[in-house]
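Working through the structure, step by step
The residues making up each chain are set out below.
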Amino acid sequence: MIVALAGGVGGARLAVGLAQVLAPKALAIVVNTGDDFEHLGLTICPDIDTVVYTLAGVHNPASGWGRGEETWSFMHALRGLGGEAWFQLGDRDLAMHVLRTAALRRGVPLSELTRALSRRLGVRHAVIPMSDTPVRTRVKTAGGELAFQDYFVRLRCRPRVRGFRFAGAARARVPPPLYRLITGDAVKAIVVCPSNPYVSVAPMLHVPALRGWLRARRIPVVAVSPIVGGAAIKGPAAKIMRELGAERSAAGIARHYGPLVDGWVIDTVDAPLRGRIEALGHDVVVTDTLMPDRCASERLAREVVRFVYALARRGAR
Ligand code: GDP
Ligand code: CA
């Protein structure tokens, strides 16, 4: 069994490929919940929804978030009533948030309801939130601290970032199915999807049980670089790296993760960085890492799985 760590769009793109290559009992996808927030009385989990919708094939491939074939009557009416309209909630998407919020109020753990709702959408692989208790990413800026969605959506990542804080991570309660994976011996490798290292993967690494697992592991960790040719495919990863003074490249990302990762998958355009990443002590595979469609996701996932098993056989740790 392989565990994949995923944020939103980049995570979902690789996850959908892994799900095509690996049977449901051979893959679990652990998803960031640091982006979650409360809005208009609803609990919204953007990364979980992106992963679940993408696996179910009901996502919007153009935007990367929300559902396809969406309608917007709710937003229209909301605006008409003078409601807060900076966060887009489609009519179909809304059903998810309403059911989730109601279930959480009844005391159903987030992991359980994620499992139930994703099954209803036909998802066969396990999608597990990193925590059943709230973790909220806070963005440190010159003007003070911002809630993540204020920074990401309302202010469109414009404020200059000074750092991040993951409120609730230190006491996060890992869901029982994830705890079983961490403490058992079924998992043979971990894949870090090409998600934003600072806001999608870092919250997971701040959950003590997950961090401890990676640190003490005897299984290989393989990561796919979210930075291709010095830029992010989508989102503020490269902007954040510049603002934090990190080198904006696949090598900069490799240095950022350090010994938490054993093997790196980097894009063909970054082939010249191979030697530098190997010098940091990592194995490197160079391939096409762009995933514009399911075909590309599946092809990359196959390479990742091959790499992972090669490292596992060799006993990378
Ligand atoms: P978010 O939560 O929706 O912002 O998504 P993630 O954090 O999972 O993904 C954002 C990151 O995914 C960005 O840094 C992108 O560069 C990266 N990304 C998106 N699509 C691709 C892709 O097709 N290939 C690779 N290598 N990275 C991608
Ligand atoms: Ca996200």
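Refer to the structure above for everything that follows.
Conventions used here
Residues numbered from 1 in each chain as written. Chains lettered and ligands numbered in written order. Predicted model: local features only at pLDDT ≥ 70, side-chain atom pairs only at ≥ 80, totals over all residues. Heavy atoms only, no water. Axes fitted to C-alpha atoms, helices over the stretch in contact; angles between N-to-C directions. Helix = DSSP H or I, 4+ residues; strand = E, 2+ residues; numbered from the N terminus. Parallel < 35°, antiparallel > 145°, perpendicular 65-115°, else oblique. Left-handed = near helix turned anticlockwise from the far one by under 90°. Contact = heavy atoms within 4.5 Å. Nonpolar A, V, L, I, M, F, W, Y, C, P; charged D, E, K, R; others polar. Core = buried A, V, L, I, M, F, W, Y, C linked by side-chain atoms within 4.5 Å. Buried < 20%, exposed > 50% of the residue type's maximum accessible area, 1.4 Å probe, protein only. Arc of directions from axis to C-beta.

What follows covers the packing of helix α8 (residues 197–205) against helix α11 (residues 250–257). Two elements in contact, α8 and α11, have axes separated by 13 Å at closest approach and are oriented at 20 degrees. It follows that α8 is roughly parallel to α11 by the angle criterion. For the pair α8 and α11, the crossing hand works out as right-handed. Each of P197, Y198, V201 and L205 in α8 lies in contact with α11, whose residues at this interface are I253, H256 and Y257. Its residues assigned to classes, the contact of α8 with α11 comprises six nonpolar, one polar and no charged.

So, about the nonpolar core. Grouped together as the largest cluster of nonpolar side chains are 54 residues, with contacts concentrated most on W213, W264 and I277. Considering each element in turn, this core owes the most residues, six residues, to α8. Apart from the residues lying within four places of it in its own chain, the contact partners of I277 are A250, A251, A254, W264, I266, H282 and V284. Formed by 42 residues, the second largest nonpolar core is a distinct cluster that contains I29, L55, A103 and V224.

Of all the positions in helix α7 (residues 176–183), only L178, L181 and I182 are classed as buried. Considered in projection along α7, the buried side chains sweep an arc of 100 degrees and stay on one side of the axis. Looking at the buried positions of α7, the neighbouring elements they touch are β1 (2–6), β2 (27–31), β5 (126–129) and α9 (208–215).

Right, let's talk about helix α2 (residues 46–56) for a bit. Counting buried positions along α2 yields ten of eleven residues, so the element is predominantly enclosed. Regarding α2, the residues found buried are P46, D47, I48, D49, T50, V51, V52, Y53, T54 and L55. Note on α2: the residue one or two positions beyond its end, G57, has a positive phi of about 75 degrees.

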